[in-house]
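# Coordinate analysis (summary)
The primary structure of each chain is shown beneath.
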Amino acid sequence: MDLLDDLKYRGLINQVTDEEGLREALKKPLKFYCGFDPTGDSLHIGHLMIIVTMIRFQNAGHLPIALVGGGTGLIGDPSGRSTERQLNEHNVVEGFSERIREQLSRFLDFNRKATIVNNYDWLGNLSLIAFLRDIGKHFPLNYMLAKDSVASRLEGGISFTEFSYMMLQSFDYLNLYEKENCRLQLGGSDQWGNITAGLELIRREGHEEPAFGLTFPLITKSDGTKFGKSMGGAIWLDPEKTTPYEWYQFWINTSDDDVINFFKYFTFLTKDEIEEYERKVKEEPEKREAQKRLAEEMTKLAHGEEAFNQAVHISESLFNDDLKSLSAKDIQVGFKDVPSHKRENKDTVGLIDLLVEAKVSPSKRQAREDISNGAIYINGERQTDLAYTLDEKDRIDGKYTLIRRGKKKYTLIEF
């Protein structure tokens, strides 16, 4: 399938400038770029559609430039915001930029001519007078005020700092066009105004070889809620912030109504493969084969096969109450956010005393009742002996004991 036709099938095109011209340009290797402003120390799942689409372009023979906005990140993009962004210090943005550079390098193939650039390299030493004289003259005020990213902020107020963002991003495109022969910019739907402003700047500078812009739609789930959030908050690409197990769980819990669209957006499965899973969702939804395949594809893509295998192992161990098969490393990943209690004393301890000490049960009376009622599990095994004493045999890798009260309330005891 033609690249643009494939993007259309997957629902990945929101707007495109001069589609026929772009289709013709894509018959040869084309340099394209997408920007990532370092507003935090990690990219999140909301960036994934753009990253995966960049991979699609690279797989089709085109040449990606990932732009880290070390310069524009100091200014703040008003697109999609109703309030002014809190500005970070230069050293903070520099640190964020490096983290994002590292994360992007996990996805793009730099052995196949992908590159990463930082716009601070050309914006950092830019002369204000020269910029206003040479670039600012191409931006009529009424043209800028008409852009959605600015117009939506006029009533509530927008600073000149954020107002100037459009000119800086346009200058990025001009710079990459002139220095790298980059002729396509990709971005989210909220970037349409900035992208078209860049194209207009290229035209006003007198360049005749056509340049293009393409934006992706905003993803929402079938229930209308925002994509990329879980009960614990944002889903991050950094495995220290969102573990591979948590990442796997996010995808495997996808609803039947969303899973086929997510296959289209985020995976490299073919149309035939996706249609086969669509049939399985309709005919055998209880097997959840589509969700399992989606979780596998996405976990391998973001974290690799070893992390995927670990996530599956943790999931199966929890489902089967086979917690003793877990390693200390598995527990650190799978139980990162459960309540924990550190015990300095490694001597044996009575179960009743430990339940109260770790605040699993509020009192000894309640602890006795919980044990007698069969509500207490030690490393997945029910314990009903009121006189039970925990010792070395109850510690996984000599370090952890998992206590469960009821169906889901876990407490991690660390020795």
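Anyway, here's the lowdown on the structure attached to this text. (Residues numbered from 1 in each chain as written. Predicted model: local features only at pLDDT ≥ 70, side-chain atom pairs only at ≥ 80, totals over all residues. Heavy atoms only, no water.)

## A closer look at the overall build of the chain
A tally of helices and strands in the chain yields 19 helices and 15 strands. With the C-alpha coordinates aligned to their principal axes, the bounding extent of the chain is approximately 85 × 50 × 40 Å. Here the chain, with 415 residues, has 50% of them falling under the buried criterion. When the accessible area of the chain is evaluated, it comes to approximately 20200 Å², of which 47% is carbon and sulfur surface. Placing the 55 positive and 67 negative side-chain charges of the chain at their respective mean positions leaves the two points 2 Å apart. (Helix = DSSP H or I, 4+ residues; strand = E, 2+ residues; numbered from the N terminus. Buried < 20%, exposed > 50% of the residue type's maximum accessible area, 1.4 Å probe, protein only. Areas by Shrake-Rupley, 256 points an atom, 1.4 Å probe, with all protein chains shown as cover. Lys, Arg positive; Asp, Glu negative; His and termini not counted. Charge placed at Lys NZ, Arg CZ, Asp CG, Glu CD.)

## Quick notes on the packing of helix α15 (residues 289–303) against helix α16 (residues 305–319)
Relative to each other, α15 and α16 sit at 135°, their axes nearing to 7 Å. One finds that α15 runs oblique with respect to α16. Taken as a pair, α15 and α16 cross one another with a handedness that is right-handed. The residues of α16 that touch α15, namely those facing Ala295, Glu296, Thr299, Lys300 and His303, are Glu305, Ala307 and Phe308. The residue inventory of the contact of α15 with α16, partitioned by class, reads three nonpolar, two polar and three charged. (Axes fitted to C-alpha atoms, helices over the stretch in contact; angles between N-to-C directions. Parallel < 35°, antiparallel > 145°, perpendicular 65-115°, else oblique. Left-handed = near helix turned anticlockwise from the far one by under 90°. Contact = heavy atoms within 4.5 Å. Nonpolar A, V, L, I, M, F, W, Y, C, P; charged D, E, K, R; others polar.)

## A closer look at the pairing of strand β15 (residues 409–414)
In terms of strand pairing, strand β9 (residues 340–342) meets β15 through three bridges, oriented parallel. Bridge pairing in β15 places His341 opposite Ile413. Both strand β14 (residues 400–405) and β15 contribute to a ladder of six bridges, which runs antiparallel. Following the sheet pairing, Ile403 is matched in β15 by Thr411. In this antiparallel pair of consecutive strands, β14 and β15, the connection spans three residues, and Gly406 shows a positive phi of 75°. (Pairing = 2+ DSSP bridges.)

## Some words on the side chain of His62
Within the secondary structure, His62 is located in the loop between α3 (48–59) and β3 (63–68). The buried category is assigned to His62, whose relative accessible area is 4%. A polar contact is formed between the side chain of His62 and the backbone oxygen of Leu26, at a distance of 3.5 Å. With near-sequence residues (within four places) excluded, His62 lies in contact with Leu3, Leu26, Lys28, Pro29, Leu30, Phe32 and Phe57. (Polar contact = N/O pair within 3.5 Å; in protein donor to acceptor, adjacent residues only side chain to side chain.)

## Notes on the sheet that holds strand β6 (residues 212–216)
Judged by pairing direction, the sheet is mixed, and its six strands sit side by side in the order β1-β6-β5-β2-β3-β4 without closing on themselves. Because the sheet does not close on itself, it has two edges, and the strands there are β1 (15–16) and β4 (115–118). Of the pairings in the sheet, the one linking strand β5 (residues 182–188) to β6 comprises five bridges and is parallel in character. From the neighbouring strand, Gln185 faces β6, where its bridge partner is Gly213. The sheet contacts of α3 involve β2 (31–36), β3, β5 and β6, and relative to β2 the element is tilted by about 165°.

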